[in-house]
Amino acid sequence: MSPRHPNDPVHPNDQVAAAKAALRRAALDRRDELAAEDRAAAAEAIAARPLPVPVGAGTVVSAYMAIHSEIDPAPLMRRFVENGAGLALPVVQGRGKPLLFRAWAPGVPLTTAGFGLLEPGPEAPIVVPDVLLVPLAAFDRAGHRIGYGAGHYDMTLAALRAERPVVAIGLAYASQEIVRVPANERDARLDLVLTEAEIIDCR
């Protein structure tokens, strides 16, 4: 493909990607500025509230292992397990592919994958989640999120929702909220966003 000439029109999706990149950098900077004790307190505050959706025996919840300054879902994961839910963790299959989910339980060893992500090994059963806890860089009150740029969760949610209802819950610090996320037709909306300050229902 030949390089784009400076006078060529910019495709709307390219404009959205550029806007998201700038908003992502700013949001991650704000997130990184939070003190470790404030991040830990935020995670506990989220887990201490009444659960925003029914989660009990037979429910499969996909979570994630926090990296860098991401809000840690571990306290909420413990709450789900106490209510009888099963846990799963996402496995990256490659760029341009949806995530795969493998069953996991606290204490079971994980393997280190690309970008330092921790994932269940290939011996863990593949499962289909009913609820997904979704990490993010920024979000708005319409349920749009800015992730890390690969589009894994957008593809995954589109594929899952084509088969059956699932609930996507973004976990974030209140400081990660922005007025509006620039979105296009490929972006999958969140149903809820949980912060240390409130539950935001985007449905």
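Residues numbered from 1 in each chain as written. Predicted model: local features only at pLDDT ≥ 70, side-chain atom pairs only at ≥ 80, totals over all residues. Heavy atoms only, no water.

Draft legend 1. Structural context of the pairing of strand β2 (residues 86-91). The buried fraction of β2 amounts to five of the six residues, a majority that puts the element mostly inside the structure. For the crossover that starts at strand β1 (residues 60-62), traverses helix α3 (residues 74-82) and ends in the parallel β2, the hand is right-handed. Looking at chain direction, β2 and strand β3 (residues 100-104) are connected through five bridges and run antiparallel. Directly across from L87, in β3, lies its bridge partner W104. (Buried < 20%, exposed > 50% of the residue type's maximum accessible area, 1.4 Å probe, protein only. Helix = DSSP H or I, 4+ residues; strand = E, 2+ residues; numbered from the N terminus. Right-handed = clockwise from strand over helix to strand, strands pointing away. Pairing = 2+ DSSP bridges.)

Draft legend 2. View of α3. Three or more residues of α3 are buried, namely P75, L76, M77 and F80. Looking one or two residues beyond α3, the residue adopting positive phi is G84, at roughly 95°.

Draft legend 3. Structural context of the layout of surface pockets. Within this model, the largest pocket holds a volume of roughly 1,200 Å³. For the lining of the largest pocket, the secondary structure elements donating two or more residues are α1 (12-32), β2, β5 (118-119), β8 (145-146) and α4 (152-161). Ranked by residues supplied to the lining of the largest pocket, first place goes to α1 with nine residues. Grouping the constituent residues of the lining of the largest pocket by class yields 22 nonpolar, 10 polar and 12 charged. (1 Å grid on protein atoms, 1.4 Å probe; cavity = no way out; pocket = protein on both sides within 12 Å on 5 of 7 lines; lining within 4 Å. Points joined across faces, edges and corners; volume = space filled by probe spheres on them. Nonpolar A, V, L, I, M, F, W, Y, C, P; charged D, E, K, R; others polar.)

Draft legend 4. Fine view of the nonpolar core. One finds V61, I71, L76, L133, I169 and L171 to be the most contacted residues of the largest nonpolar core, which totals 24 residues. Broken down by secondary-structure element, the contributors of at least two residues to this core are α2 (36-48), α3, β2, β6 (131-134), β9 (167-171) and β10 (192-194). By residue number, the principal contributor to this core is α2, which donates four residues. If we skip the residues at most four places from it in the chain, I169 touches P52, V53, V131, L132, L133, V134, L190, L192 and L194. (Core = buried A, V, L, I, M, F, W, Y, C linked by side-chain atoms within 4.5 Å. Contact = heavy atoms within 4.5 Å.)

Draft legend 5. Representation of the sheet that holds β1 within the structure. Taken in spatial order, the seven strands line up as β3-β2-β1-β6-β9-β10-β11 in an open sheet, and their pairing is mixed. Strands at the two margins of the open sheet, each flanked by one partner only, are β3 and β11 (199-201). Neighbouring strand axes in the sheet, compared pairwise and without regard to direction, differ in orientation by 25° on average. Pairing of β1 with β6 involves two bridges; the strand directions are parallel. Looking across to β6, one finds that V61 is bridged to V131. With respect to the sheet, α4 is in contact with β2, β3, β6 and β9, its orientation differing from that of β6 by roughly 170°. (Axes fitted to C-alpha atoms, helices over the stretch in contact; angles between N-to-C directions.)

Draft legend 6. Broad picture of the packing of α2 against α3. Axis separation between α2 and α3 bottoms out at 7 Å; the angle between their running directions is 25°. As judged from the angle between their axes, α2 and α3 are roughly parallel. The handedness of the crossing between α2 and α3 comes out as right-handed. For the pair α2 and α3, contact is made by A43, E44, I46, A47 and A48 and by P75, L76, R78 and R79, respectively. Along the lines of polarity and charge, the residues of the contact of α2 with α3 split into six nonpolar, no polar and three charged. (Parallel < 35°, antiparallel > 145°, perpendicular 65-115°, else oblique. Left-handed = near helix turned anticlockwise from the far one by under 90°.)

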